[in-house]
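# Tertiary structure, described
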Amino acid sequence: MEIKKASQKAKKLRIGLSGASGFGKSYSALNLAFGITNDWKKICVIDSECSSASLYTGLGSFNTIEINAPFTPEKFCQAIKLAEDSNMELIIIDSISMEWSGSGGCLDIHEQLGGRFQDWAPVKKRHQAFIDAILQSKCHIITTVRRKVEYSLDKDSNGRSKVFKLGTKEITQEGYEYELDINFELINENHLVKATKDRLNLYMNKPEFVINASTGKKLINYINNISNTMTKSEMQQKIVECMTIQELSNLYQNNLDLAKSLEQDFINKKNLLNNLISNVSTNGNGTYPHTS
């Protein structure tokens, strides 16, 4: 055990998409994933609903792992491991609701054990292993979650009565969204979303919108900028480690705000490198520096 100064590390996104059936969870997840990776071949869909692969193959050549019943937590963990071992950059789990309420999922397992309160302990342990596999994965992960459906009779924009479909409670263990960096709820059949959890402070309390590839680009750019942030002491060490003028120039240009506060350090290092280059060039012409 040791105490360390807090620092930013390269981060993998954990994103949730929830909504009622037909609201566009799979489609939105795929568009979001492409924006993050910019490469369909680096995306793998763990498909427990036999939907993504068959409906959206026209979007791009993404990969799929199909999961069939029984939908045990262990089966999802194995699929995550397979995607990681196949060098995927992003995993979509569509949907995690099957691990909870599908045939052979956690609710079924609890019932098979007797359905008593004390029977939850082994079930929750297996479910937590699945959650841990998501949180500890070396890939970006997007999960989709079904929401229970209710219907409401209301007026449309023309003042006519219409039945509206609403998504209510997420079908997974309560509190799952608190494990995520950001959770989007699809609110209607027009694919509009709102953020219900947002550690990144990019979308919370903002107007509803439709997810597309640019949403994913915005998220990955934000994460990369955080991960690349250096402290002043870290920057000074990077300056010391530069072996060429080009390396020093790249370091300066890629970190302009911080680099400007260390202008003299860069000048000193540049002068040192120039002197070394000059000495090497002089030595190469047969003139050697004086030594006592």
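For strand S2 (residues 43-47), a buried count of five out of five residues is recorded, marking the element as mostly surrounded by other parts of the structure. Burial along S2 is two-sided: the face carrying Ile 43, Val 45 and Asp 47 and the face carrying Cys 44 and Ile 46 are both buried. Relative to strand S4 (residues 90-94), S2 is paired through five bridges, and the arrangement is parallel. Across the sheet, residue Cys 44 finds its bridge partner in S4, namely Ile 91.

Glancing now at helix H3 (residues 73-85). In a regular helix each residue adds 1.5 Å, so 13 residues correspond to 18 Å; H3 covers 19 Å between its end C-alpha atoms and thus fits that length. If you check which residues of H3 are buried, you get Pro 73, Phe 76, Ala 79, Ile 80, Ala 83 and Glu 84. Seen end-on, H3 carries its buried residues on one side only, within an arc spanning 140°. Buried residues along H3 sit in contact with S2, strand S3 (63-66), S4, helix H4 (97-101), helix H5 (106-112) and helix H6 (120-135). With its phi angle positive at about 65°, Asn 87 sits one or two positions after the end of H3.

Let us look at the pairing of strand S7 (residues 182-186). Counting buried positions along S7 yields five of five residues, so the element is predominantly enclosed. For strand S1 (residues 14-19) and S7, the ladder comprises four bridges, and the chain directions are parallel. Within the sheet, the bridge partner assigned to Ile 15 lies in S7 and is Ile 182. In this sheet, strand S8 (residues 192-198) lies alongside S7 in antiparallel orientation, the contact comprising five bridges.

Defined simply, a disulfide is a covalent bond joining two cysteines at their sulfur atoms. Enumeration according to the criterion identifies zero disulfides in this entry. Here Cys 139 is not disulfide-linked; the sulfur of Cys 44 is the nearest cysteine sulfur, at 8.7 Å. Given the relative accessible area of 1%, Cys 139 is considered buried.

Once that is clear, we can look at the environment of Met 235. As for its position among the elements, Met 235 is in helix H8 (residues 232-241). Through-space distance from the C-alpha of Met 235 to that of Asn 255 is 9.0 Å; in sequence the pair is 20 residues apart.

Attention now moves to the packing of aromatic side chains. Inspection of the entire model under this criterion finds nine aromatic pairs. Ring geometry for Trp 100 versus Trp 120: centroids 5.9 Å apart, planes at 10°, classification stacked. Highlighted residues: Trp 100 in helix H4 and Trp 120 in helix H6, separated in sequence by 20 residues. In terms of burial, Trp 100 and Trp 120 fall into one category: buried.

On to the environment of Ala 259, then. By the element assignment, Ala 259 lies in helix H10 (residues 256-260). Given the relative accessible area of 0%, Ala 259 is considered buried. Separated by 24 residues in sequence, Ala 259 and Met 235 place their C-alpha atoms 7.8 Å apart. Beyond its immediate sequence surroundings of up to four residues, Ala 259 is in contact with Met 235, Tyr 252 and Phe 266.

Between its terminal C-alpha atoms helix H1 (residues 25-37) stretches 18 Å, which fits the 18 Å expected from 13 residues at 1.5 Å a residue. Most of H1 sits out of view: eleven of its 13 residues are buried. Those residues of H1 that fall on the buried side of the exposure criterion are Lys 25, Ser 26, Ser 28, Ala 29, Leu 30, Asn 31, Leu 32, Ala 33, Gly 35, Ile 36 and Thr 37. Remark: Asn 38 follows H1 within two positions and exhibits a positive phi of approximately 55°.

For the rest of this paragraph, the subject is the pattern of salt bridges. Considering all chains together, one arrives at eight salt bridges under this definition. Here Glu 49 makes a salt bridge to Arg 146, at a shortest N to O gap of 2.9 Å. One end of the pair, Glu 49, is in the loop between S2 and helix H2 (52-55); the other, Arg 146, is in strand S5 (residues 140-155), and 97 residues separate them in sequence. Salt-bridge contacts for Arg 147 lead to Glu 185; the nearest nitrogen and oxygen are separated by 3.7 Å. Here Glu 185 lies in strand S7 and Arg 147 lies in strand S5, a separation of 38 residues in the sequence. Overall, Arg 147 belongs to the buried group, its relative accessible area being 11%. Glu 185 gets classed as buried once you look at its relative accessible area, which sits at 11%. A cluster of three or more residues bridged by salt bridges with shared partners is formed by Lys 11, Asp 181 and Arg 199.

What counts, and at which threshold
Residues numbered from 1 in each chain as written. Predicted model: local features only at pLDDT ≥ 70, side-chain atom pairs only at ≥ 80, totals over all residues. Heavy atoms only, no water. Buried < 20%, exposed > 50% of the residue type's maximum accessible area, 1.4 Å probe, protein only. Helix = DSSP H or I, 4+ residues; strand = E, 2+ residues; numbered from the N terminus. Pairing = 2+ DSSP bridges. Expected span 1.5 Å × (residues − 1). Arc of directions from axis to C-beta. Contact = heavy atoms within 4.5 Å. Disulfide = S-S within 2.5 Å. Phe/Tyr/Trp six-rings, centres within 6.5 Å; stacked < 30°, edge-to-face > 60°. Salt bridge = Lys/Arg side-chain N within 4 Å of Asp/Glu carboxyl O.

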